[in-house]
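# An overview of the molecular structure
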Amino acid sequence: MTRLTRDAMRGRAQTVLGVIDPAELGPTLMHEHLIWDIRTPAMRADPDQGPEITLCNCFAINYGRKRKLPGNLRFRCEPTALAELALMRQAGGRTMVELTCGGLDPDPGALARLAAESGLHIVMGCGHYVHEYQDPANATRGPNDFAREIIDQVQLGAWGTDVRAGIIGEIGCQAPWTEQEQRVMRGALLAMAETGAAVNVHPGRHPDQPQEVAEFVRAAGADPSRVIISHIDRTIFDEARILRLADSGVVIEFDLFGQEQSYYALSAIDMPNDAVRLRLIRALIARGHLERVVISHDICYRTRLSRWGGHGYGHIFDNVVPLMRERGFTDAEVEAIVVGNPRRLLTFV
């Protein structure tokens, strides 16, 4: 395999099919999963994977009360994935950032096949998810070792293939943040400096943990404007915290668009709906942080796919963008959030 140096990558974007001009990216979803397995190790070992998903039980599953459904957290069907991508393309989407990283059973070959067949750009992530999902061997590895692995995933190929990652992440964190996860994060920041790729962070669920990550980034001497903090919509619910986080220079990602129910099974919060997400984005824009906002769906349950009655990857383009315009977002603001900001972040520096 041929290594692509930073000089060769600078000013370009990298998809699973190769390097492209960033101007080709177009409307972009910044945090999705296309082929995934987010079951915990204990869930994977459980012989009961739950009932078959149907249109009759999809709502109950999405609402969160039917908890014993590990099968909803795994999806490997390429023909169905291709049909879902076709709906995204029909809605106006052109690029998907796919962040199924180490611990979630990434499949670079499948992503390459789906990109080729769909005609869409797919940008693959790399690195490691949260502690529980990581290979036990990671317990003895240091930041430099993680950095070398991630650099190779970007410049040579990931997980035993010649398919290269175009972004680092989603790098997993918890609250409290484990020492092992911090070593992975240090490695990711070192790899960011070496490759010029941006980093996407999966923060812990405490509302102050994203700020902890931002301060960690700054203390490491890394560029916060190249670090995206995901899942803000299930983590921070007050404007003061969100504005403080954006003031630190990181990028704020609202990536649970389409989840309209208030019930959230993973913690005792009231999940915001799309209208509330847009109000928080408006507050960020009013503060001068338009360039620090990106959006997506983070689809990682089968019940969120169109095939099983969910909103699918086209929801933002079909429904949210028109809602933004109805709520007074200008064309320039919509363009920045859906096209311009993703293009800047996916361009190697």
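Check the entry above for the structure.
In short, a report on the structure. Every value quoted in this text rests on a predicted model; they were computed, and no experiment measured them.

### Quick word on the overall build of the protein
The helix and strand inventory of the protein stands at twelve helices and twelve strands. Its C-alpha atoms give the protein a radius of gyration of 19 Å, within 12% of the compact-globule value 20 Å for 349 residues. For the protein, the spread of C-alpha atoms along the principal axes amounts to about 50 × 50 × 40 Å. Looking at the protein as a whole, 58% of its 349 residues are labelled buried. Long-range pairs, those at least 24 residues apart, make up 77% of the contacts in the protein between residues at least 6 apart in sequence. Positive and negative charge centroids in the protein, built from 38 and 44 side chains respectively, lie 1 Å apart.

### Thoughts on the pairing of strand E3 (residues 28-32)
Most of E3 is tucked away: five of the five residues are buried. As paired strands, E3 and strand E6 (residues 95-98) are joined by three bridges and run parallel to one another. Looking across to E6, one finds that Glu 32 is bridged to Glu 98.

### Some thoughts on the pairing of strand E7 (residues 121-124)
Of the two faces of E7, the one carrying His 121 and Val 123 and the one carrying Ile 122 and Met 124 are both buried. Relative to E7, E6 runs parallel, the two being bridged by four bridges. Across the sheet, residue Glu 98 finds its bridge partner in E7, namely Met 124. Each parallel crossover has a hand, and the one from E6 via helix H5 (residues 108-118) to E7 is right-handed.

### Regarding the nonpolar core
Judged by nonpolar contacts, the single largest core of 92 residues is most densely connected at Leu 34, Ile 168, Met 185, Phe 254, Ile 281, Tyr 313 and Ile 337. Those residues within four positions of Ile 337 in sequence are excluded, and the remaining contacts are Ile 281, Ile 285, Leu 290, Val 293, Val 294, Ile 295, Met 324, Phe 329 and Pro 342. Counting residues in each nonpolar core, the second largest holds 14 residues, with Ile 20, Leu 25, Val 123 and Val 251 among its members.

### Considerations on the sheet that holds strand E10 (residues 227-229)
Across the sheet, which stays open at both edges, the five strands sit in the order E8-E9-E10-E11-E12 with parallel pairing between neighbours. Sheet topology places strand E8 (168-172) and strand E12 (293-295) at the edges, where each strand pairs with a single neighbour. Averaged over neighbouring strand pairs, the angle between their axes works out to 25 degrees when direction is ignored. Bridge count for E10 against strand E11 (residues 251-254) is two bridges, and the pairing is parallel. Of the residues in E11, the one forming a bridge with Ile 228 is Val 251.

### Here's the deal with the packing of helix H6 (residues 143-155) against helix H7 (residues 179-195)
Where H6 contacts H7, the axes come no closer than 7 Å and their chain directions differ by 45 degrees. Relative to H7, the element H6 is oriented oblique. When the axes of H6 and H7 are compared, the crossing they make is right-handed. Residues Pro 143, Asn 144, Phe 146, Ala 147, Ile 150, Ile 151, Val 154 and Gln 155 of H6 form the contact with H7, whose participating residues are Arg 183, Val 184, Arg 186, Gly 187, Ala 188, Leu 190, Ala 191, Glu 194 and Thr 195.

### A short note on the packing of aromatic side chains
All told, the structure shown has six aromatic pairs when counted by the stated rule. Between Trp 36 and Phe 75, the aromatic rings sit 5.2 Å apart at their centres with planes inclined by 35 degrees, giving tilted as the arrangement. In this pair, Trp 36 sits in strand E4 (residues 36-37) while Phe 75 sits in strand E5 (residues 74-75), placing the two residues 39 residues apart along the sequence. The burial state of Trp 36 is the same as that of Phe 75; both residues are buried.

### A few points about the sheet that holds E6
Strand order in the open sheet formed by three strands is E3-E6-E7, and the pairing between neighbours is parallel. Bordering the open sheet on either side are E3 and E7, each of which pairs with just one other strand. Recorded for the sheet is a direction-independent mean angle of 20 degrees between the axes of neighbouring strands.

### Some remarks on the side chain of Asp 37
Mapped onto the fold, Asp 37 is located in strand E4. A polar atom in the side chain of Asp 37 sits 2.7 Å from the side chain of Arg 39. Residues contacting Asp 37, with those up to four places away along its chain left out, are Arg 44, Leu 73, Arg 74, Arg 76, Gly 103, Leu 104 and Asp 105.

### Describing the environment of Pro 224
On the secondary structure map, Pro 224 appears in the loop between helix H8 (209-219) and E10. You can call Pro 224 buried: its relative accessible area is 11%. Through-space distance from the C-alpha of Pro 224 to that of Gly 249 is 5.2 Å; in sequence the pair is 25 residues apart. The residues contacting Pro 224, other than those within four sequence positions of it, are Val 217, Arg 218, Ser 248, Gly 249, Val 250 and Val 251.

### Observations concerning the pattern of salt bridges
For the structure on display, the rule yields 19 salt bridges. A salt bridge links Arg 74 to Asp 37, with the nearest nitrogen and oxygen atoms 3.6 Å apart. Here Arg 74, found in strand E5, pairs with Asp 37, found in strand E4; they are 37 residues apart in sequence, far enough to count as distant. A residue is classified by how much of its surface remains accessible, and Arg 74, at 40% relative accessible area, is partly exposed. Given the relative accessible area of 1%, Asp 37 is considered buried.

About the criteria used
- Residues numbered from 1 in each chain as written.
- Predicted model: local features only at pLDDT ≥ 70, side-chain atom pairs only at ≥ 80, totals over all residues.
- Heavy atoms only, no water.
- Helix = DSSP H or I, 4+ residues; strand = E, 2+ residues; numbered from the N terminus.
- Rg over C-alpha atoms; globule rule 2.2 N^0.38 Å.
- Buried < 20%, exposed > 50% of the residue type's maximum accessible area, 1.4 Å probe, protein only.
- Contact = heavy atoms within 4.5 Å.
- Lys, Arg positive; Asp, Glu negative; His and termini not counted.
- Charge placed at Lys NZ, Arg CZ, Asp CG, Glu CD.
- Pairing = 2+ DSSP bridges.
- Right-handed = clockwise from strand over helix to strand, strands pointing away.
- Core = buried A, V, L, I, M, F, W, Y, C linked by side-chain atoms within 4.5 Å.
- Axes fitted to C-alpha atoms, helices over the stretch in contact; angles between N-to-C directions.
- Parallel < 35°, antiparallel > 145°, perpendicular 65-115°, else oblique.
- Left-handed = near helix turned anticlockwise from the far one by under 90°.
- Phe/Tyr/Trp six-rings, centres within 6.5 Å; stacked < 30°, edge-to-face > 60°.
- Polar contact = N/O pair within 3.5 Å; in protein donor to acceptor, adjacent residues only side chain to side chain.
- Salt bridge = Lys/Arg side-chain N within 4 Å of Asp/Glu carboxyl O.

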